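Chain and residue survey
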Amino acid sequence: MGQEFKQATGQCLCGAVKYIVNGEISSFHICYCSRCRHSTGSAHASNIFTKPENIKWLCGLDNVQRFELQTAKSWTKQFCKQCGSGLPYINRSGTFLVIPAGSLDEDIEIQPDDRIFCDDRAQWIEGIHRSPEFPALPTKS
């Protein structure tokens, strides 16, 4: 991919857990699988892959909870015990650090490499780009 994190910071919603990442990004996937949809409560997960050594936890590591879905070969998630926000985790084999892109503080300059498990995506996502856009929560009419 050729992109790098240069002192990119991230955190959970409540700020109890904070981290910083540096180093080369190997891939950025948008995943539509049903497990990612259930985990995020949204249409997809947005995960950036890098090396495990590229993270430094700044605070709150004791607030991080790990969940491994036992019925899946490799599905894992880490989240803040306080607010439930998704956080970076090292995959089960120890080969990748997976960073939920939405947990980063900065608006990163990289684009996803691909969209995966597209056959499993929610059908309602097809209408997203046709729906009205608002800069904030719309007022009722």
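Residues numbered from 1 in each chain as written. Predicted model: local features only at pLDDT ≥ 70, side-chain atom pairs only at ≥ 80, totals over all residues. Heavy atoms only, no water.

For the protein chain, the helix and strand inventory stands at one helix and ten strands. Counting from the amino terminus, helix and strand elements in the protein chain follow one another as β-β-α-β-β-β-β-β-β-β-β. Dimensions of the protein chain, computed from C-alpha atoms along their principal axes, come out at roughly 45 × 35 × 35 Å. Residues classed as buried in the protein chain amount to 38% of the 141 residues present. The contacts of the protein chain with a sequence gap of at least 6 include a subset with a gap of at least 24, amounting to 57%. Carbon and sulfur atoms make up 50% of the accessible area of the protein chain, which totals about 9,100 Å². Charged side chains in the protein chain number 15 positive and 15 negative. The centres of these two groups are separated by 7 Å. (Helix = DSSP H or I, 4+ residues; strand = E, 2+ residues; numbered from the N terminus. Buried < 20%, exposed > 50% of the residue type's maximum accessible area, 1.4 Å probe, protein only. Contact = heavy atoms within 4.5 Å. Areas by Shrake-Rupley, 256 points an atom, 1.4 Å probe, with all protein chains shown as cover. Lys, Arg positive; Asp, Glu negative; His and termini not counted. Charge placed at Lys NZ, Arg CZ, Asp CG, Glu CD.)

This brings us to the sheet that holds strand β5 (residues 64-68). Within the open sheet, the three strands sit side by side as β5-β6-β7. Their pairing is antiparallel. Unpaired on one side and paired on the other, β5 and β7 (86-87) mark the two borders of the sheet. Sheet topology places strand β6 (residues 76-80) next to β7; two bridges connect them, and they run antiparallel. Considered in β7, the bridge of Q78 is made with L87. (Pairing = 2+ DSSP bridges.)

Time to look at the pairing of strand β3 (residues 45-50). Most of β3 is tucked away, with five of its six residues classed as buried. Summarising the sheet, strand β2 (residues 18-31) and β3 pair through six bridges and their orientation is antiparallel. Of the residues in β3, the one forming a bridge with I25 is T50. When β3 meets strand β9 (residues 97-100), the two strands line up antiparallel, connected through four bridges. Bridge pairing in β9 links F49 to V98.

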